[in-house]
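Chain by chain, the residues:
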Amino acid sequence: MRDAGLIGEASATSSLRVRTRRNARLREALFALVLLAPSIALFSTFAFYPLIKTFYLGFFRSDPFGLSASYVGFDQYIDVLGSDRFHRSLFTTGLFALFTVPTGLVLGLGLALLAHQKLRGMIIYRTIFSSTVATSVAVASVMWLTLLNPSIGIINYGLKETGFEPINWLGDPEWALPAVSLTTIWLNLGFTFIVILAGLQTIPEELHESAKVDGAGAVSRLFNVTLPMLSPTLLFSVVVLTINAFQSFGQIDLLTQGGPLDRTNVIVYSIYTEGFRNFNEGVAAAQGVALFFIVLTLTLIQFRFLERRGFYGN
Amino acid sequence: MLKQRGAALPDGWSKPMSRIELRNVNKFFGDVVAVRDFNLEIEDKEFLVLLGPSGCGKSTALRLIAGLEEPTSGEIIIGDDVVNDVEAKNRDIAMVFQSYALYPHMTVRRNIEVPLKTRKIPKRERDELIAEAARWLDLEPLLNRRPAELSGGQRQRVALARAIVRRPRAFLMDEPLSNLDAKLRVKTRAELVSMHRELARTFVYVTHDQVEAMTMATRIAVINDGALQQVGPPQSVYERPANTFVAQFIGSPPMNVVRGTLVRDGEAFAIDVPGGRIPLPPSLGPTAAAASRADLLVGVRPEHLSFDGGPVRAQVRVVESLGHERHVICDLSPDEFAIVRLAADEPAPSVGDTVGLTAHPEHIHLFNPETTERVS
Amino acid sequence: MATNVPAPRRRPFRWQRVATEAAQYLALTVAAAVILGPVYITVIYSLQPVEKIFSYPPQLYVTDPQWDSYKRAFETGSLGRYLINSFVVSLAITAGQVTTSVLAAYAFAFLRFPFRNLLFVVFLATLMVPWEVTIIPNYQTISTLGWLDSYQGLIVPFLATAFGTFLLRQAFLTVPRDLRDAAAMDGYGHIGFMLQVAVPLSRAAVGALAVFSFLMAWNQYLWPLLITNEDEHRTVQIGLKALVSANIDEFNLVMAGTVIAAAPILALLVLFQKQLIRGLTSGAIKG
């Protein structure tokens, strides 16, 4: 009887492949899990776990040889985050951002405005202006290491020829950070240019047309049409450049190794020396936690801007 | 299209019965009712048109049949099988979309090939089937083009070719003509009808266009607010609309429906409407009386009204000329009006004239004002 | 000759337009020269003997190019090895990021599963964890796995990307619903739809991600510096640093090494400018 029933049921649906609804849902969820598994595994191993571990490491103080560590609770956080050394490093990083971000933004905007014209051969200029985006921090640093060289550097040659005193760029505590900043501005210029040019291209042509019809001159159009419409892009660029400044490492490592007199010892370089030169993992971790919160704040600001952008787009 | 109509139909067209049935089907999207308590039987080899205004649930009904949506409750039956738990691709049904849904990155040939490839049909057989479909739909010179290089009409034929190439037992079409220009639409309408005849398959066709429905359907299912209003052959839906919605949705300009009161007029029955009294024919009077209520809705199509000094007084507000016919809009009262359709050569009154209207007695429809259902 | 038709507003005189254009070209060219200046000097130094570089005033053009420095950069600086390493690592990271992003983005765009939105936010949250913050535990992990001085160590930590997942999800979401339905009717399963429809239709975004990933991988500095100590697995960026420290006074050699390290990625920029710009701006500009 039972068998007959089963056969009867099967024959009723013989021509079609049946799959129950609940099964289909479950299969879909499982399939999603399979697709997400590689990313989840990698993010867990190389982002979330180490983030928690960094917080945890901050609770342990290493002995001077980096061989063992003892639990000290928040003491180390308090020591490190309250130390002059850390404050100086933070100050240096802030100064570095101040040197690089506004200048880089203005130069990038200038280049983008220049390149946002319909002229023949513009594609070549645009390629040149964006070229530093493809330049690595190592390549850029070594180039500028030569340019800034006190004896053979072209920059000092220029200074001498125009009657200025040559400067020991990377060796002088006063000039080292500006020199590193100069390199960084050049390095970031391609990115800033690309982002701002793309922003310019999203401004509807009609706005300029109607401003022209209203009799606005080029300068007035720049300040009344272009810049206001561009402000979300500019804010985005500021945040990204600031985050970049706080994460800078390569140019410091190649140009100054944090010196002279710690004047270029930015926060990531400080983490690197504490963690991998002095074997003070706990100290490095505590600084890492501070960096995390700084970048987190900047990222959240960035998300806010991106959200607001939504209203401008489409 | 369909130039090779003389050619014998390809093999593989003897198929199991493709009767389709929706049994007590409901579909909710959250709180929104898309399809409500649907009971619809679609006969084998029928050309059934689901007709209704946009957002009425007709497309959802079609997608339920296709397997692209799951019903919240109820059963969907194809042939003898309940297919609720059968995936779309295994229902042996093809669908033609409003946007044609061609794969933009594939050539016409590859587009048509997709449903065969996914069903693991061997290459040689695929080539034959594609050639046949292409010949049938006159696509042979276009096989190596991409959709972007085709006109709207050509894309539509590719979509049809992709549907017929796998010889499904039923075709579902979701407003397939709405992206064509008016002239091509008329042509394609006729072609779809002959295609239906030659393929001898069940067609379920969704449209909001009553002209498409009237000209192509063997039966029309009128839908409103997710619910089935009336199912029947085009002519009977037109002549005997089941309720005021159907009455006013089908026909252009729409049927005039005004409030009236049933009265006895000597031996016969009549109905008082704003502007005068309409006598009811002997066939209608008693049924109306049997509805045992005096207030009724009276419906008369514009072509069934004439200006011959009849009993209903009205004032002409506007005369619209469409070239082949004229629409005269007449005020019956401050808030009731009627449209009268005249042939172009019939004399039309002037704006401002007071006229007497006659409703052709055999074309008077009565509806219950509460339920809007037909009385009779 | 005189007509009563009012003249349209006059265009500027021709010479005025010519002058404006000339000024624009001048400004563009000056800017280009300033930006390319460092590159130019790098190239000419790389082609001059060291004595000439040290001469005063410096000679800013090349009369007799000396290609010897490039040969030496490959020989004494092992730059060939470093370039191969960089290519291996960057290609592997690019392939891995595109793969994991396609898979994850497909799930987020086309599949229904519990906690989908929450998980997407978790993915995006990884963007807020800078690599520099987590280097110590990550170094420990790689060390524990025995992956110091290995390709795995350079590649595996970077195989997933929230940015790529986000970018491709956005692209997948633009696949029209009708097309998804048609694919379901045509018999495509998820894998078929992903590979035959979703990815080909999103090839612009996939291309942008690929070029972007390659660029980021090629230009990495801190991580390869930490975990490679020998030539065998060093990338060209770290190789360049080694070249500089070992040959600090041989500027032609150092500059030749710099050109070699920069050339592949500059070629990439010229070839794939469109994709790169798309990748870079998709964070800033919608689409």
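Every chain is numbered independently, its residues counted from 1 as its sequence is written. Written order determines the labels here, with chains lettered from A and ligands numbered from 1. A pLDDT threshold of at least 70 governs which residues receive local features in this predicted model, and a stricter bar of 80 or more applies before side-chain atom pairs are shown or counted, although totals over entire chains, interfaces and linings include all residues. In computing side-chain values, all of the structure's heavy atoms are included and hydrogens and water are not.

## Some remarks on the side chain of Thr93(A)
Residue and element names in this part refer to chain A. Structurally, Thr93 can be placed in helix H4 (residues 84-115). Under the scheme applied here, a residue whose accessible area is under 20% of the maximum for its type counts as buried, over 50% as exposed, and between as partly exposed, the area being computed with a 1.4 Å probe on protein chains only. Its relative accessible area of 0% is what places Thr93 among the buried residues. Any two residues having at least one pair of non-hydrogen atoms within 4.5 Å are treated as being in contact. Thr93 has contacts with Ala245, Phe246, Val266 and Ile267, leaving out every residue within four places of it along the chain. The secondary structure listing takes helices from DSSP runs of H or I that are at least 4 residues long and strands from runs of E that are at least 2 residues long, numbered from the N terminus.

## Some thoughts on the packing of helix H2 (residues 108-117) of chain B against helix H4 (residues 152-164) of chain B
All names here are of chain B. At a minimum axis separation of 7 Å, H2 and H4 run at an interaxial angle of 30 degrees. Of the possible angle classes, the one that applies to H2 and H4 is roughly parallel. The crossing of H2 and H4 is right-handed. Here Val108, Asn111, Ile112 and Pro115 of H2 lie close against H4, whose contacting residues are Val158, Ala161 and Arg162. Residue composition of the contact of H2 with H4, by class: five nonpolar, one polar and one charged. Note on definitions: angles span 0 to 180 degrees between N-to-C directions of axes, and those axes are lines fitted to C-alpha atoms, for helices only across the stretch in contact. Throughout this description, any angle smaller than 35 degrees is read as roughly parallel, any larger than 145 degrees as roughly antiparallel, any in the 65 to 115 degree range as roughly perpendicular, and the remainder as oblique. For any helix crossing, the convention is left-handed if the near helix is rotated counterclockwise from the far helix by under a right angle, and right-handed if that rotation is clockwise. Think of it as three bins: nonpolar holds Ala, Val, Leu, Ile, Met, Phe, Trp, Tyr, Cys and Pro, charged holds Asp, Glu, Lys and Arg, and polar takes everything else, Gly as well.

## So, the sheet that holds strand S7 (residues 170-174) of chain B
Residue and element names in this part refer to chain B. When DSSP finds at least two bridges between two strands, those strands are taken to pair. As summarised here, the arrangement of the six strands in space is S6-S7-S8-S3-S9-S10, forming an open sheet in which the pairing is mixed. One side of each edge strand has no neighbouring strand; the edge strands of this open sheet are strand S6 (93-96) and strand S10 (227-232). Strand-to-strand twist across the sheet, computed as the mean angle between neighbouring axes with direction ignored, equals 15 degrees. As defined by bridge partners, strand S3 (residues 47-51) adjoins strand S9 (residues 219-224) across four bridges and the pair is classed as parallel.

## Things to note about the interface of chain C and chain A
Listed as interface residues are 90 residues of chain C and, on the opposing side, 92 residues of chain A. Buried area: the accessible surface (1.4 Å probe) lost by two parts on joining, summed over both. Note on chain C versus chain A: buried area summed over both sides is about 7900 Å², and carbon and sulfur give 77% of it. When the buried area of chain C at its contact with chain A is split by residue, Leu28(C), Ile35(C) and Met128(C) rank highest and sum to 9% of it. Every case where a carboxyl oxygen of Asp or Glu lies within 4 Å of a side-chain nitrogen of Lys or Arg is listed as a salt bridge. Between the two partners, chain C and chain A, sit two salt bridges. Glu28(A) is the partner of Arg112(C) in a salt bridge, and the nearest nitrogen-oxygen pair spans 3.8 Å. Counting of polar contacts relies on pairs of N or O atoms within 3.5 Å, with two restrictions inside protein: one atom must be capable of donating a hydrogen and the other of accepting it, and residues adjacent in sequence are counted only when both atoms are side-chain atoms. At the boundary of chain C with chain A, the tally comes to 13 residue pairs in polar contact (both at pLDDT 80 or more). Classifying every residue of the side of chain C that touches chain A by side-chain character gives 68 nonpolar, 17 polar and five charged.

## So, the confidence of the model for chain B
Regions with low pLDDT carry predicted coordinates that are not meant to be interpreted in detail. A residue's pLDDT is the confidence the predictor assigns to it, expressed on a 0 to 100 scale. Scored by pLDDT, chain B has a mean of 89; 95% of the residues are at 70 or more. Taken together, the stretch residues 1-11 of chain B has pLDDT below 50 and engages in 23 contacts with residues farther than four places along the chain or on a different chain.

## Looking at unusual backbone geometry
All names here are of chain B. For the peptide bond that leads from Ser252 to Pro253, omega is -5 degrees, which places it in the cis range. With respect to the element layout, Pro253 can be found in the loop between helix H8 (244-249) and strand S11 (256-265). Positive phi outside glycine occurs at Asn24, with the angle close to 50 degrees. Judged by relative accessible area, which is 41%, Asn24 ranks as partly exposed. We note that Asp92 has phi near 60 degrees; this positive angle belongs to a residue other than glycine. Among the secondary structure elements, Asp92 is positioned in the loop between strand S5 (81-82) and S6.

## What about the interface of chain C and chain B?
By a widely used convention, the size of an interface equals the accessible area lost when the partners come together. Across the boundary between the two partners, chain C contributes 17 residues, which contact 25 residues of chain B. With both sides pooled, the region where chain C packs onto chain B buries about 1600 Å², and carbon together with sulfur makes up 59% of that total. The three residues of chain C that bury the most area against chain B are Asp178(C), Met185(C) and Asp186(C), which together make up 41% of that side's buried surface. Remark: the boundary between chain C and chain B carries two salt bridges. Arg63(B) serves as the salt-bridge partner of Asp181(C), at 2.4 Å between the closest nitrogen and oxygen. Our enumeration of links across chain C and chain B arrives at nine residue pairs in polar contact (both at pLDDT 80 or more). Breaking the side of chain C that touches chain B down by element, the ones donating at least two residues are helix H9 (177-186) and helix H10 (190-201) of chain C. Element by element, the count of residues in the side of chain C that touches chain B is highest for H9(C), at nine residues.

## Topic: the packing of aromatic side chains
Note on ring pairs: Phe, Tyr and Trp rings are taken, using the six-membered ring of Trp, and paired if centres are within 6.5 Å. Classes follow the plane angle, with under 30 degrees stacked, over 60 edge-to-face and the rest tilted. On inspection of all chains with the given rule, the structure shows 43 aromatic pairs over all chains. Summarising the aromatic geometry, the rings of Phe245(B) and Phe249(B) are spaced 5.4 Å apart at their centres and angled 15 degrees between planes, so their arrangement reads as stacked. Of this pair, Phe245(B) and Phe249(B) both sit in helix H8, separated by four residues, roughly a single helical turn. By way of ring pairs, the aromatic residues Phe43(A), Phe108(C), Phe113(C), Phe120(C), Phe123(C) and Phe166(C) are connected into one cluster. Above the ring of Tyr238(B), the side-chain terminus of Arg301(B) is found at 3.9 Å from the ring centroid. Put simply, a charge is over a ring when the Lys NZ or the Arg CZ is close to the ring centre, within 6 Å, and near the line of the ring normal, within 35 degrees.

## Structural notes on the domain arrangement of chain C
All names here are of chain C. How far each domain reaches was decided by an automatic or database domain assignment. By domain assignment, chain C separates into domain 1 (14-66) and domain 2 (72-281). Put simply, the middle of domain 1 and the middle of domain 2, counted by C-alpha atoms, are 34 Å apart. On the domain 2 side, the residues contacting the nine residues of domain 1 number eight residues. Both faces combined, the contact of domain 1 with domain 2 buries some 640 Å², and carbon together with sulfur accounts for 81% of it.

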